[in-house]
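Working through the structure, step by step
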Amino acid sequence: FLGAFSGIELEVRMAGVNEAVALVKDMEVDLALLYAPPVDPLLHCHVETLQPLDLIVPMGHPLSQQGRPLALRDLTEWPLGLMDNCFGMRQMVSLVEQQERVHLHARLRTNSVAVLKNFVRSGIGITFMPELTVMEEIRHGEIHVMPMDYPALSGARAQIVSRAGRELTVAAQTCIDHLRKGLRFFNADAPRLLNAKCCV
């Protein structure tokens, strides 16, 4: 959950996806920016982009030398950092753990994307993150992104949502338009997906 728009004021709150969805459904906020939200008939999606949840490893990490798609079992030997359970990123990983019947032991649990990025960038361990959140580190050669072959992860989406049936004010609609144009997460799919389309 990245932010919320309420009335004529823009208020930014950080919260897990479950809390963000509840705020929208209870009409405490007009809009929420979500990553990997659940399917819910009480949510109306205004903007949606495909932002897969990828494995993030330090450059030169042994996992990046594998010549095949990685499975969760390949990760059990390596120090792992994960977001707290209330966040969409963690819930997506938990879903795949259940499907594969694999338990991933996290050495680090946090509610901070920055902490997770530093955990990987410093060479301590690995984690899961959308490509866009580590673009700067990729450009500097600090982090390597590895797509994983699980539909639940490759199909993760970023959305701007409101409560279904709630009429938005002109100001709220203007906010949606601004976010769609101004935030990379909401104006296009993940960069590697766009590059793949260009190469086809």
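Residues numbered from 1 in each chain as written. Predicted model: local features only at pLDDT ≥ 70, side-chain atom pairs only at ≥ 80, totals over all residues. Heavy atoms only, no water.

A full pass over the atoms with the stated rule returns nine salt bridges. Aspartate 40 is the partner of lysine 25 in a salt bridge, and the nearest nitrogen-oxygen pair spans 2.8 Å. Residue lysine 25 is found in helix α1 (residues 17-25), and its partner aspartate 40 is found in the loop between β3 (31-35) and β4 (43-50); the two are separated by 15 residues along the sequence. Salt-bridge contacts for glutamate 137 lead to arginine 121; the nearest nitrogen and oxygen are separated by 3.3 Å. Note that glutamate 137 is positioned in helix α4 (residues 135-139) and arginine 121 in helix α3 (residues 113-121), a separation of 16 residues in sequence. A single salt-bridge network, built from bridges that share partners, covers Lys117, Arg121 and Glu137. (Salt bridge = Lys/Arg side-chain N within 4 Å of Asp/Glu carboxyl O. Helix = DSSP H or I, 4+ residues; strand = E, 2+ residues; numbered from the N terminus.)

With that settled, consider the sheet that holds strand β9 (residues 143-146). The antiparallel open sheet is built from three strands, whose spatial order is β8-β5-β9. In this open sheet, the two edge strands, each paired with only one partner strand, are β8 (127-130) and β9. Taking the axes of each pair of neighbouring strands and ignoring which way they run, one obtains an average angle of 45° across the sheet. Bridge count for strand β5 (residues 53-58) against β9 is four bridges, and the pairing is antiparallel. Across the sheet, residue valine 57 finds its bridge partner in β9, namely histidine 144. Each of β5, β8 and β9 touches α3; the most contacted strand, β8, lies at about 120° to it. (Pairing = 2+ DSSP bridges. Axes fitted to C-alpha atoms, helices over the stretch in contact; angles between N-to-C directions. Contact = heavy atoms within 4.5 Å.)

Summed over all chains, the structure comprises two aromatic pairs. Ring plane angle 85° and centroid distance 6.3 Å describe the contact between tyrosine 35 and phenylalanine 185, whose orientation is recorded as edge-to-face. You can see tyrosine 35 sitting in strand β3 and its partner phenylalanine 185 sitting in helix α7 (residues 184-187), a full 150 residues away along the chain. Phenylalanine 185 matches tyrosine 35 in its accessibility class, with the two residues each being buried. (Phe/Tyr/Trp six-rings, centres within 6.5 Å; stacked < 30°, edge-to-face > 60°. Buried < 20%, exposed > 50% of the residue type's maximum accessible area, 1.4 Å probe, protein only.)

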